[in-house]
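Fold and contact review
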Amino acid sequence: MAKILEGKFFSNLMKDESKKKIEELKSHGIEPALAVILVGEDPASQVYVRNKHLACEELGIKSIEIKLPTETSKEELLAKIDQLNSDSNVHGILVQLPLPKAIKSHEEEILNRIDPLKDVDGFHPMNVGNLVIGKPTLIPCTPAGCIKMLELAGIEIDGARAVIIGRSNIVGKPMFHLLMARHATVTICHSHTQNLADITRQADILVAAMGKPRFVTADMVKPSATIIDVGINRVERSADEIEKLKSEGKNPKPTKLVGDVDFENVEKIAGAITPVPGGVGLLTVAMLMQNVVRACELQIENRI
Ligand code: NAD
């Protein structure tokens, strides 16, 4: 049976690291501050923003929540970002995605307006470029959190064969650079990859980031591999499962979250595995807090 890489355990370690740095900054009269802009009423985004706010509160980071109506124009949003960029008391700026339909097509322009030194999501082309040339400054939180967890868990990356399923700018591509920089031999797979299972079976470290519920099955996994399940998918519970939970005195909701990995079966052969929920999602928030501290330090050093 695989070792379960509990997100809570590793995110607490990461938060402890941040706490020390935050105390240090505060002793010099600097209160790290994160501004999160939420446009519209997307329910999942509201949950994510709330979680970020709670993490800030826990660590002593000032949390500035800016809620804008769905009909906010691109110009209004850019003006808000400009205002936050020039406010020296704001160290991190994050625009919660997805944006409402009317401004979605301007997403790139909007994200690129954030000062790269305050870009705690690590999406700005300058931060992406720094990652690619091996001089990472602010790195996307999900892949950075996964790497941090591997390091804290003592899982060898140097020389490992790593396979990533998914090539998004948010997860797959930055993960590729982070693993390669740590001397793994890395393969990225995507929706056009042929014979996917032949490739995934070679992985010592397998990262699933595709958004397909329970796609990675036990026959796709090398025994003893480390499995990082980034996927978050909401699925219906079966009637049997609902009945079973009721018989245990529980009151189950009709849907639940699952990852991209068939956890129940892969757990039996993997060496280590992250659960969903309770895995990578928690690391993402903890890494965001580390990025706010890092942004604060970068602004003090005023370098990038
Ligand atoms: P995306 O939709 O941008 O990218 C999905 C990728 O998967 C694409 O590159 C695509 O080529 C690949 N893919 C799709 N079908 C495939 C197939 N059949 N075979 C091989 N590759 C295939 O998604 P994303 O933004 O990278 O997110 C991926 C998943 O991770 C989603 O479930 C998302 O909700 C989740 N996510 C979780 C966190 C977290 O904090 N845990 C953060 C970001 C994303």
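All of these numbers come straight from a predicted model, not from anything done at the bench. (Residues numbered from 1 in each chain as written. Predicted model: local features only at pLDDT ≥ 70, side-chain atom pairs only at ≥ 80, totals over all residues. Heavy atoms only, no water.)

Scanning the protein chain from terminus to terminus reveals 12 helices and 11 strands. Taken over C-alpha atoms, the radius of gyration comes to 20 Å for the protein chain, in line with the 19 Å a tight globule of 304 residues would show. Overall size of the protein chain, expressed as C-alpha extent along the three principal axes, is 55 × 45 × 40 Å. Relative to all contacts within the protein chain whose residues are 6 or more apart in sequence, the contacts with residues 24 or more apart total 71%. Only carbon and sulfur atoms are counted for the fraction: they give 52% of the accessible area of the protein chain, which is about 14,800 Å². Charged side chains of the protein chain number 37 positive and 40 negative; the gap between the two group centres comes to 1 Å. (Helix = DSSP H or I, 4+ residues; strand = E, 2+ residues; numbered from the N terminus. Rg over C-alpha atoms; globule rule 2.2 N^0.38 Å. Contact = heavy atoms within 4.5 Å. Areas by Shrake-Rupley, 256 points an atom, 1.4 Å probe, with all protein chains shown as cover. Lys, Arg positive; Asp, Glu negative; His and termini not counted. Charge placed at Lys NZ, Arg CZ, Asp CG, Glu CD.)

Ordered by their spatial adjacency, 3 strands build an open sheet running S3-S2-S4, and the pairing between neighbours is parallel. Of all the strands in the sheet, the pair left with one neighbour each is strand S3 (62-68) and strand S4 (92-95). Sheet twist, expressed as the average angle between the axes of neighbouring strands with direction ignored, equals 15°. In terms of strand pairing, strand S2 (residues 33-39) meets S4 through 4 bridges, oriented parallel. (Pairing = 2+ DSSP bridges. Axes fitted to C-alpha atoms, helices over the stretch in contact; angles between N-to-C directions.)

Evaluation of the coordinates by the stated rule reveals 1 aromatic pair. On the basis of an interplanar angle of 85° and a centroid distance of 5.0 Å, the ring pair of Phe9 and Phe10 is categorised as edge-to-face. The exposure class of Phe10 is buried, given its relative accessible area of 3%. (Phe/Tyr/Trp six-rings, centres within 6.5 Å; stacked < 30°, edge-to-face > 60°. Buried < 20%, exposed > 50% of the residue type's maximum accessible area, 1.4 Å probe, protein only.)

Here we come to the sheet that holds strand S6 (residues 185-189). Ordered by their spatial adjacency, 6 strands build an open sheet running S1-S11-S8-S7-S5-S6, and the pairing between neighbours is parallel. Among the strands making up the open sheet, the edge pair consists of strand S1 (3-4) and S6. Pairing of S1 with strand S11 (residues 272-273) involves 2 bridges; the strand directions are parallel. Paired with Lys3 across the bridge in S11 is Ala272.

Formed by 54 residues in total, the largest nonpolar core has its most connected members in Leu34, Leu179, Ile205 and Ile228. Residue assignment for this core shows that the elements contributing at least two residues are helix H1 (7-27), S2, helix H2 (43-59), helix H7 (141-152), strand S5 (161-165), helix H8 (172-181), strand S7 (205-208) and helix H12 (280-301). At 12 residues, H12 tops the list of elements feeding residues into this core. Taken domain by domain, this core gets at least three of its residues from each of domain 1 (29-115) and domain 2 (141-281). (Core = buried A, V, L, I, M, F, W, Y, C linked by side-chain atoms within 4.5 Å. Domains from an automatic or database assignment.)

This part covers the site of the ligand. Lining the immediate surroundings of the ligand are 20 residues, of which Arg167, Ser168, His190, Ser191 and Thr284 lie closest. Between a nitrogen atom of the ligand and a main-chain N or O atom of His190, the distance comes to 3.4 Å. For the ligand, an oxygen atom lies 2.8 Å from a polar atom in the side chain of Thr284. Within the complex, the protein chains bury 72% of what would otherwise be the 860 Å² of accessible surface of the ligand. Ranked by residues supplied to the shell around the ligand, first place goes to H12 with 3 residues. Residues that form the shell around the ligand fall into these classes: 8 nonpolar, 10 polar and 2 charged. (Near = heavy atom within 4 Å. Polar contact = N/O pair within 3.5 Å; in protein donor to acceptor, adjacent residues only side chain to side chain. Nonpolar A, V, L, I, M, F, W, Y, C, P; charged D, E, K, R; others polar.)

All right, on to H12 then. With 22 residues, H12 should cover 32 Å at 1.5 Å per step; its first-to-last C-alpha distance of 31 Å lies within 8% of that length. Asn302, located one to two residues past H12, shows a positive phi value of around 50°. (Expected span 1.5 Å × (residues − 1).)

Cis rather than trans, the peptide bond between Leu97 and Pro98 has omega equal to 0°. Inspection of the secondary structure assignment puts Pro98 in the loop between S4 and helix H4 (101-104). With omega at -5°, the peptide bond leading from Val276 into Pro277 counts as cis. By secondary structure assignment, the location of Pro277 is in the loop between S11 and H12. Even without being a glycine, His183 presents a positive backbone phi close to 70°. Among the secondary structure elements, His183 is positioned in the loop between H8 and S6.

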